[in-house]
Amino acid sequence: MTPRLFLTGVTGYIGGSVFSALARKHPEYDLTVLLRKPPTNFTSQFPGVNLIQGSFDDSGTIAEAAASADIVIYSGDGDHENALNSIISGLLRRDSISYLIKLSGTGTLYEYPDTMEYLGRFNPKIYSDIDDIKELVSRPDNALHRRTDAIVLKAAAEHGHSLKTAIVCPPDIYGRGHGPGRRASYYIPWFVEATRKLGKPFYLQDGSNMRGWVHIDDFVQIYISLVEAAVAGGESVSWGREGYFLAASQEASQRDVAEATAKILFARGEISSADAQSISNEEMASLFPDAPDTGFFSFGCNSRSKADRAIKELGHVPKAPSLWDVLESDLMDAIAATK
Ligand SMILES: NC(=O)c1ccc[n+]([C@@H]2O[C@H](COP(=O)([O-])OP(=O)(O)OC[C@H]3O[C@@H](n4cnc5c(N)ncnc54)[C@H](OP(=O)(O)O)[C@@H]3O)[C@@H](O)[C@H]2O)c1
């Protein structure tokens, strides 16, 4: 039978890249997408794809689309509880087994605001989605993405015989996306924006806080493998409580990112010095006045993770260029986008 997939967030960086890779690799799949603002050329670009116009607030529409799908890939706003509840209520109407692959993010691992201890400082803790699964599925209520992860985990605990769920948890992502809408990630455009305000790339304290990174193409490959596993009957991988997939392929300290950025931007004539700078908490808080925690979350925290489960269960092997190979082109894309 033709697998029926329902996807959200398809005009986004992640959801769009996942969608276009699936459409390219599996033209035999029956794809339905939810778009609130369909790009004008969407239907001519993807003539075989069913389009539903609506937003994450349209509970009935989402539930109906999920009820007709074997596999739902939820990307987009990682914190939209209504969208997830609607998807789950639709999937639970089905008579056969269904799958939900939910996007999360390693923002859920940040130490701040619970403690300031590791802001701009090295934290030795690296999360494994096999060894530390108990901690990952019981993050504190105030952790980023926790509320929606908890919705999925609860549904899996109550209905795991018919509803197979996976939470996919990327670190910071780099590289150009491939979808029909947004093709830029978040970290590098935000870092460029903040660097412009301060005049130089920056870090807090000694900048030894470490973050995981993954190229968008390697991250998408985890999705493709998960979907293919589901289509094959789902036996080969974990779902539900153990169905938690971290995705980092490498790490970098904030200081290393800032220093490499300074060299590139100086060589490109964008800034007047090849040095990065250490900034204070007050300067960090001032970078995003409408959401002061954004700077601390994005540039001051540690978020260290290993993609152990994808490697073990999906045979995942990252193949894309490293952050250092792509940093210059991502920086130039971010600068070009603001000119
Ligand atoms: N990018 C990263 O490096 C990264 C890393 C870890 C975690 N994450 C998490 O992953 C999620 C998605 O990231 P992204 O980079 O793909 O974001 P993005 O490029 O901004 O994409 C967001 C997508 O969600 C859709 N969307 C948002 N609110 C919606 C609503 N109310 N109704 C319908 N559609 C809605 C957007 O549609 P429109 O086009 O209509 O706006 C767009 O398709 C975020 O929660 C982020 O925190 C991202």
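Quick caveat, the model's predicted, so the values are computed rather than measured.

A.B. asks: Account for the overall build of the chain, naming residues and giving values.
C.D. replies: When helices and strands are counted, the chain shows 13 helices and 14 strands. Structurally, the chain occupies a C-alpha span of about 60 × 45 × 35 Å along its principal axes. Relative to its 339 residues, the chain shows a buried fraction of 46%.

A.B. asks: Break down the environment of Arg182 for me, with residues and values.
C.D. replies: The residue Arg182 is located in the loop between β8 (172-174) and α7 (187-198) in this model. Judged by the 16 C-beta atoms lying within 10 Å of it, Arg182 falls in the partly exposed class. Note: C-alpha distance between Arg182 and Val214 (32 residues apart in sequence) is 18 Å. In this view, Arg182 contacts Thr11, Gly12, Tyr13, Gly16 and Gly177; residues no more than four positions away in its chain are not counted.

A.B. asks: Before we move on, can you summarise the site of the ligand with the specific residues and values?
C.D. replies: The full set close to the ligand counts 25 residues, and Thr11, Gly12, Gly76, Gly78 and Gly105 are the nearest of them. If one sorts the elements of the shell around the ligand by residue count, helix α1 (residues 13-25) sits on top with three residues. Looking at the shell around the ligand, its residues break down into nine nonpolar, 11 polar and five charged.

A.B. asks: Could you give me a rundown of the sheet that holds strand β11 (residues 244-246), with the residues and numbers involved?
C.D. replies: Strand order in the open sheet formed by seven strands is β3-β2-β1-β4-β5-β7-β11, with parallel pairing between adjacent strands. Both edges of this open sheet fall to β3 (50-53) and β11, since each of them pairs with a single strand only. When strand polarity is set aside, the average angle formed by the axes of neighbouring strands in this sheet is 15°. Those strands touched by α1 are β1 (4-7), β2 (30-35), β4 (71-74) and β5 (98-103), and its axis lies near 160° from that of β2.

A.B. asks: Give a detailed account of the environment of Glu259, specifying residues and quantitative values.
C.D. replies: By the element assignment, Glu259 lies in helix α9 (residues 254-267). Expressed as a C-alpha distance, the spacing of Glu259 and Ala285, which sit 26 residues apart in the sequence, is 21 Å.

A.B. asks: Explain the packing of α1 against helix α8 (residues 216-231) residue by residue, including any values.
C.D. replies: Packing of α1 against α8 leaves a shortest axis separation of 9 Å and a crossing angle of 55°. When the interaxial angle is binned, α1 and α8 end up oblique. In the crossing of α1 with α8, the sense of the turn from one axis to the other is right-handed. Facing α1, whose interface residues are Ser17, Val18, Ala21, Leu22 and Lys25, α8 presents Ile216, Val220, Tyr223, Ile224 and Val227.

A.B. asks: Give a description of the UniProt feature "domain: NAD-dependent epimerase/dehydratase" (unreviewed entry) in the chain that names residues and reports values.
C.D. replies: Using the residue numbers shown here, the UniProt feature "domain: NAD-dependent epimerase/dehydratase" (unreviewed entry) corresponds to residues 149-233. Annotation note: span residues 149-233, helix share 46%, strand share 22%, distance between end C-alpha atoms 23 Å.

A.B. asks: I'd like a rundown of the sheet that holds strand β12 (residues 250-253), residues and numbers included.
C.D. replies: Strand order in the open sheet made by the three strands is β8-β10-β12, with mixed pairing throughout. Each edge of the open sheet is held by one strand with a lone partner, namely β8 and β12. Sheet twist, expressed as the mean angle between neighbouring strand axes with direction ignored, is 40°. Pairing between β8 and strand β10 (residues 210-215): three bridges, direction parallel. Each bridged residue has a counterpart across the sheet, and for Ile173 the counterpart in β10 is Val214. The sheet contacts of α8 involve β8 and β10, and relative to β10 the element is tilted by about 75°.

A.B. asks: With reference to specific residues and values, describe the nonpolar core.
C.D. replies: Core analysis: the biggest nonpolar cluster contains 92 residues, and Val72, Ile87, Leu100, Val168, Leu226 and Ala247 have the highest contact counts within it. If one sorts the elements of this core by residue count, α8 sits on top with nine residues. If we ignore the near neighbours within four places in the chain, the residues touching Ile87 are Ile62, Ala66, Val72, Tyr74 and Leu100.

A.B. asks: Explain unusual backbone geometry residue by residue, including any values.
C.D. replies: Of the consecutive residues Tyr112 and Pro113, the connecting peptide bond is found in the cis state with omega at 10°. Structurally, Pro113 can be placed in the loop between β5 and β6 (127-128). Of note in this structure, His145 is not a glycine but carries a positive phi near 65°. Along the chain, His145 falls in the loop between α5 (133-136) and α6 (146-159). With a phi close to 50°, Gln205 is a non-glycine residue in the positive phi region. Position of Gln205 among the secondary structure elements: in the loop between β9 (202-204) and β10.

Reading the values: rules and limits
- Residues numbered from 1 in each chain as written.
- Predicted model: local features only at pLDDT ≥ 70, side-chain atom pairs only at ≥ 80, totals over all residues.
- Helix = DSSP H or I, 4+ residues; strand = E, 2+ residues; numbered from the N terminus.
- Buried ≥ 20, exposed ≤ 12 C-beta atoms within 10 Å, placed from the backbone.
- Contact = placed C-beta atoms within 7 Å.
- Near = placed C-beta within 6 Å.
- Nonpolar A, V, L, I, M, F, W, Y, C, P; charged D, E, K, R; others polar.
- Pairing = 2+ DSSP bridges.
- Axes fitted to C-alpha atoms, helices over the stretch in contact; angles between N-to-C directions.
- Parallel < 35°, antiparallel > 145°, perpendicular 65-115°, else oblique.
- Left-handed = near helix turned anticlockwise from the far one by under 90°.
- UniProt positions renumbered as here; feature names shortened; annotations may be inferred.
- Core = buried A, V, L, I, M, F, W, Y, C linked by C-beta atoms within 7 Å.

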